[in-house]
Amino acid sequence: MTGRLLMGKYELKEKIGTGGSSTVYLAWDRHLERYVALKEEKDAGEVRDAENAERAGIAERTGKAEKANDTEDISILKKEMKMLKSLKHPMLPEIYDYFQESRQYLVMEYIRGEGLHNYIEREGAVPEKQACEWALQLLELFSYLHGQKPPVLYRDLKPENIIVCPDGGLRVVDFGTALYSRYDNRMAENLAGTVGYAAPEQLNRYTIQKVKAGRKTDAVFFESGVDERSDIYTLGATLYHMLTGHNPARPPYGIRPVRYMNPEITQDMEWIVAKCTAEEPDRRYQTVEELRADLEKEKFSGRRRLWGSRRKRQYGLQKLEKRIWLTEKKTTGLFAIGLLLCGLCAGFFSIQANGRETPLPVIVYNKQGQKVVIRYDSIYKPEGNLLFELEQELYGKEDAYELSIGLTDCATGKKRERIFYIQGGGK
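If you're wondering where the values come from, they're calculated on a predicted model, not measured in any experiment.

(A) Spotlight on the overall build of the chain. The number of helices and strands found in the chain is eight helices and 24 strands. Taken over 427 residues, the chain has a buried fraction of 46%. In the chain, of all internal contacts separated by at least 6 residues, the share reaching a separation of at least 24 is 64%. For the chain, the accessible surface area stands at approximately 23000 Å², while carbon and sulfur atoms represent 49% of it.

(B) Region of the structure containing the environment of C165. Tracing the chain through its elements places C165 in the loop between β9 (162-164) and β10 (170-172). Between the C-alpha atom of C165 and that of R112, which follows or precedes it by 53 residues, the distance is 6.2 Å. Excluding residues within four positions of it along the chain, C165 makes contact with I111, R112, G113 and R171.

(C) Expanded view of the sheet that holds strand β1 (residues 5-6). With antiparallel pairing, the six strands of this open sheet are ordered in space as β1-β2-β3-β4-β6-β5. Taken across any chain shown, the strands that pair with only one partner, and hence form the sheet edges, are β1 and β5 (95-100). Of the pairings in the sheet, the one linking strand β3 (residues 22-29) to strand β4 (residues 34-41) comprises eight bridges and is antiparallel in character. Bridge pairing in β4 links A27 to V36. In the packing of helix α2 (residues 76-85) onto the sheet, the strands contacted are β3, β4, β5 and β6 (104-109), and the crossing angle to β6 comes to about 30°.

(D) Structural context of the pairing of β4. A large share of β4 lies buried, amounting to six of its eight residues. The antiparallel pairing of β3 with β4 creates a hairpin that spans four residues between the two strands, and E33 there sits at a positive phi of about 55°. With five bridges joining them, β4 and β6 adopt antiparallel strand pairing. Note on β6: the bridge partner recorded for L38 is V107.

(E) Looking closely at helix α5 (residues 228-244). In this model, α5 (17 residues) spans 25 Å end to end at C-alpha, consistent with the 24 Å of a helix rising 1.5 Å per residue. With 17 of 17 residues buried, α5 lies mostly within the body of the structure. Backbone geometry just downstream of α5 places G245 in the positive-phi region, at approximately 75°.

(F) The sheet that holds β10, seen in detail. Sheet architecture is open: three strands sit in the order β7-β9-β10, paired in antiparallel fashion. The two strands at the open ends of the sheet, each matched to only one other strand, are β7 (114-115) and β10. One ladder, built from three bridges, connects β9 with β10; its direction is antiparallel. Note on β10: the bridge partner recorded for I163 is R171. The sheet strands contacting helix α4 (residues 128-146) are β9 and β10, and the helix crosses β10 at an angle near 40°.

(G) Focus on the packing of α4 against α5. At a minimum axis distance of 10 Å, the contact between α4 and α5 shows a crossing angle of 160°. Between α4 and α5, the angle is such that the two are roughly antiparallel. Once α4 is placed against α5, the crossing between them reads as right-handed. Residues E128, A131, W134, A135, L138, L139, F142 and H146 of α4 form the contact with α5, whose participating residues are E228, D231, T234, L235, L239, M242 and L243. For the contact of α4 with α5, the per-class residue count stands at ten nonpolar, two polar and three charged.

Each value, and the rule that gives it
- Residues numbered from 1 in each chain as written.
- Predicted model: local features only at pLDDT ≥ 70, side-chain atom pairs only at ≥ 80, totals over all residues.
- Heavy atoms only, no water.
- Helix = DSSP H or I, 4+ residues; strand = E, 2+ residues; numbered from the N terminus.
- Buried < 20%, exposed > 50% of the residue type's maximum accessible area, 1.4 Å probe, protein only.
- Contact = heavy atoms within 4.5 Å.
- Areas by Shrake-Rupley, 256 points an atom, 1.4 Å probe, with all protein chains shown as cover.
- Pairing = 2+ DSSP bridges.
- Axes fitted to C-alpha atoms, helices over the stretch in contact; angles between N-to-C directions.
- Expected span 1.5 Å × (residues − 1).
- Parallel < 35°, antiparallel > 145°, perpendicular 65-115°, else oblique.
- Left-handed = near helix turned anticlockwise from the far one by under 90°.
- Nonpolar A, V, L, I, M, F, W, Y, C, P; charged D, E, K, R; others polar.

What follows is the structure, given as structure tokens:
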């Protein structure tokens, strides 16, 4: 609760984040007169409920029930504190204090910026050049962690744990799941992470469903145990999220070929992401140095291509259609979305089904509720919001659908996108 005063000096200002085991507050240190990030550990019941919910979610998606962790009950905050105290890197937060009152608290450097997940939600997919540069920054951190004696495995890299700073650099937070690698210990205590980003071997005794074109195919079984290649997988999943704007932790819970989701990405970058996220660890990059070498080549070749093609990109009034994939979230009746269009911006729609692309029939209404006819080769100037309506018959079958709404500035080519999920078969 905000307004509380802890240890006679930490005044809680606002809640800025929450997770399965802790809640993070922005606090004011009255003694040193500075803002700090204060982590409050949740009580055992809250943590247990969160763990049970996570196990139930994994079991629903994989068909296998996870056993509860019977390892020694050690404070996650104390573990994180000891870990961060032993590490010194500019991308990591500094530890200021650790204490216990009614609960346990960890006081850290307050990092100004925006969560990468919020950045992607607001801006859409990250341009390939920027995503490559950020991936190289993250590799610098992994190189430092994996170079420790013994190596430190982060295990939970994802946009929610990455801060985009005002200067464009990245910082990484939340070391609650990090551990020192013990190659002779492959027990369940070494398993942690977020479904969608975690490597398959991080999910103890699970069959991982392959996803191809939105359909589940064969399952692959992995024994428990993690190493540096597991961190490489999480970086690949995070890079996938940046390049596509698609969160692999949401339905349909899979990493598809990058160019399937974003055709503007180069084949080389698609290959890099695919190798990072290979299900079998032996088929991934074996070290961060190998991955760094390929990303450096991609970064250089990307600059060369840009240098060789500096012609201004023109956007004529042509039949520009924005792809729409249909995936998973329950709804009934007609699916309607209000979208404000301004100036020379336009959103375009199509539907992909069984590998064939056909125009997606969309009914458009103005703010007065009147139907509007918009040709592909013309510009419509709305006087307010537009309502786009899809008839239920488009997603009437009991399949998973993904609906992507794209808005493109025809003058600059800048794109913004939102993805919604639909479960078909509703009445």
